[in-house]
Amino acid sequence: MTSAAEAGLLRVEGLGRAYDDHYALVDLDAEFPPGSVTALLGPNGAGKSTLIGILSTRQSATEGRVYFDGRRVADSASMRQRIGFVGHRTMVYSELTARENLQFFARMFGLVSPDDAIDALLDRVGLMRDKDRPVNGFSRGMSQRLTLARALLPKPSILLLDEPLTGLDQAGVRLALTLFREARDAGAVLIMASHDLVATSKLADRALILSSGRKRFEGATGEDLAAVYAECIGEAA
Amino acid sequence: MSGAAPGYVAILSAVLVKDLRAELRSKETLATMGLFGLVMTFILAFGFTADPATNRRVIPGALWIALLFAGTLGVGRTFAREAKDDAFSALILSPAPRSAVLLAKMIVNFCLSLSVMVLVTPLLAIMLRVDLLPSLGPIMLMLALGAGGFAVVGTPLAVMAVNARFAEVLLPMVVFPMVSPVLIGGVKGTSVILGTTFGDDGVGGWIQLMLAFDVAFGVGGLFLFERMVTE
Amino acid sequence: MKLFPVMAVVGAAAVAAAHYLTFIVAPMERTMGAAQRIFYFHVPSAWLCYLGFILGFVGSIVYLYNRKAKADAFALAAVEVGLCFGLIVLLTGPLWARAAWGVWWKWEPRLTSMALLFLIFAAYWVLRSFGGRGEGVRRFAAVLAVFGAPNILFVHVAVKKWRGDHPDMVVSNGLTSDMRLALYPSLLALLIVFFLLLHLRYRAHRDALTVQAIRRRLARLRGI
């Protein structure tokens, strides 16, 4: 049963993750509405990566539940169908060309005749000229552009971004932010963890601030993300 | 363009084609394994050469040691490609059935170690002057079952090993005793084929045992893989 | 908690009683002499070694599904205790072989299987001790135990077939009632010891985690 209020909404309830000697995440309730970008902030070890890991289905929660579209996420495979993930590492095969990488991941997502979409996306991220070169000749920034294309290719409803701007130059950052805005405007849920507060504040309209695995702040933010963060965590952190 | 849940066979073949293409382009695994096979053949020949009758008795052991080492090299290598830029994460974060991914990797490892044996077996036969030709078919069948056993156990463990320190030392230490039933079956079965040992029920019982091992651990691994890769 | 001291006393008494039965009550075996008395420790230890590995398997399966540190600590404790009893088997086995057949090692199927399984779970232990402390290593070890325990069957069949020409050991069916009188109490005594050790190791692993957690919290308090 999908009520109107829940459509496209990603919600976590009582989410917790215990490691052997500590909790990385404690009893977290949070909502991530569609068409919004939530900045996920906090000092190192706050639980940001754990939260993104659980939402991506890479990690399992020891407590609590995740709901998407009003339904409890139980079948991970159907959840994964709708998730795009950008992490610290490029997550592409260096022996394959840019195009072959995208073709491979298109097949992993069961996309039907993806070739036009692949070309369009390669053009978008500025890799059209290099599309038939193996990735091991790419710079870090080019690989990062490719990984953006990889994540966006299946048109995900949830975009999980863990330091997505790593290795990008100024033009690359601008491009990434534009692509993320377009995904947001298409109604996707975006969650972005980054230490780059300046770039994040250009994009995010909400923030979820964690420290020591607990929620310190959740809600809309104005222009001044840095001020909200400083208030919650303190300047030193 | 819409995403439908990708089919099992489609994923299987996509991962196989991807690995094959990457391999043909870099050739590093095949080159290193081929050379390794050659080196090993010489070492084993130096170690075991004796009179013809003795050679016939020791060649099964030499073959199976070669398979064990070739397999170890293979499982480590094929996963290194996935781990390099963490493409493996992207792979298992896709909706593709994870067990299909594992099965594809098992098949790749199986093919790699078997292809090394296709090189090593005739060379060893020539160097040790044992005429394997009349029983080549059954021997390759045994080796294939052995390579299968190694692949089904070694592949998931190699995936897990990236988490540990000293992974390259740990992996053989962990996998060798685990595949000991296959090793025992292979050596003994091969001697039965060569007529240097006589079992109660010939080579059939050994084939059954190895087949059962391959199926049991293959199915078990595929079944558990989802839980294995979830952090 | 109160149960532990009671069981420790009962265990000690049971071990003493088992010794008495083994060395005084059980009859002298005709061909092997005193060395046959190894049997009363050797055989129960082998059973308990398997028990340890099987409990390690159970703990590991549970850990893979719920990721609770408790399950992992239990699996580790069970494997450790299993290895302990395995060591007894592998040390007394050659003594038996020396007395019975005049050689230190005979490729006797059961002892060989035990040795191979010991190697598998020794790898588990080495991995846990030196492979690092992360969650990934625990998962790796759990997979190892889950693959290792069912392998008991395959190893057994393979080794038995391999040494197909060798007759079963006489002792398994040639037990006199006096021998049984010593065997089962000895098993019971070692069973109590097994669970005492299991409990102690489990508690030690749990306590280690608690200490780590407190350290971590202290470090954080000091840092801020």
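Our structure's up above, just so we're on the same page.
Just so it is clear, the model here is predicted, and its values are computed rather than measured.

Participant: Break down the overall build of chain C for me, with residues and values.
Facilitator: In terms of helices and strands, chain C carries seven helices and zero strands. Along chain C, helices (α) and strands (β) appear in the sequence α-α-α-α-α-α-α when read from the amino end. Each of the three principal axes of chain C carries a C-alpha extent, and together these read 75 × 45 × 25 Å. Counting every position in chain C, which comprises 224 residues, the buried fraction comes to 48%. Of the contacts formed within chain C by residues at least 6 apart in sequence, a portion of 77% connects residues at least 24 apart. When the accessible area of chain C is evaluated, it comes to approximately 11,000 Å², of which 70% is carbon and sulfur surface.

Participant: Give me the lowdown on helix α1 (residues 48–55) of chain A, citing residues and values where you can.
Facilitator: Residues and elements named next belong to chain A. Among the eight residues that make up α1, seven are buried, leaving the element largely enclosed by the rest of the structure. For α1, the complete set of buried residues consists of K48, T50, L51, I52, G53, I54 and L55. Positive phi shows up at T57, right after α1, with a value of about 75°.

Participant: Please provide a residue-by-residue account of the packing of helix α2 (residues 39–66) of chain C against helix α4 (residues 109–130) of chain C, values included.
Facilitator: Residues and elements named next belong to chain C. Following both chains from N to C, one finds α2 and α4 inclined at 35°, their axes separated by 12 Å at the closest point. The two elements α2 and α4 meet at a crossing, and its hand is left-handed. Of the residues in α4, those in contact with H42, A46, C49, Y50 and F53 of α2 are L111, S113, M114, L117 and F121. When grouped by side-chain class, the residues that make up the contact of α2 with α4 number eight nonpolar, two polar and no charged.

Participant: Before we move on, can you summarise the packing of aromatic side chains with the specific residues and values?
Facilitator: Per the stated rule, a full pass over the model turns up 16 aromatic pairs over all chains. Between the aromatic rings of F194(C) and F195(C), the centroid separation amounts to 5.2 Å while the plane-to-plane angle is 80°, which identifies the pairing as edge-to-face. The buried category is assigned to F194(C), whose relative accessible area is 0%. Note on F195(C): relative accessible area 41%, which makes it partly exposed. Through pairs of rings, three or more aromatic residues link up here, namely F213(B), F217(B), F147(C) and F154(C). Between R11(A) and the ring centre of Y67(A), over which it is positioned, the NZ or CZ distance is 4.6 Å. One Lys or Arg, R227(B), reaches over the ring of Y65(C) and ends 5.4 Å from the middle of that ring.

So, how was this worked out
- Residues numbered from 1 in each chain as written.
- Chains lettered and ligands numbered in written order.
- Predicted model: local features only at pLDDT ≥ 70, side-chain atom pairs only at ≥ 80, totals over all residues.
- Heavy atoms only, no water.
- Helix = DSSP H or I, 4+ residues; strand = E, 2+ residues; numbered from the N terminus.
- Buried < 20%, exposed > 50% of the residue type's maximum accessible area, 1.4 Å probe, protein only.
- Contact = heavy atoms within 4.5 Å.
- Areas by Shrake-Rupley, 256 points an atom, 1.4 Å probe, with all protein chains shown as cover.
- Axes fitted to C-alpha atoms, helices over the stretch in contact; angles between N-to-C directions.
- Left-handed = near helix turned anticlockwise from the far one by under 90°.
- Nonpolar A, V, L, I, M, F, W, Y, C, P; charged D, E, K, R; others polar.
- Phe/Tyr/Trp six-rings, centres within 6.5 Å; stacked < 30°, edge-to-face > 60°.
- Lys NZ or Arg CZ within 6 Å of the ring centre and 35° of its normal.

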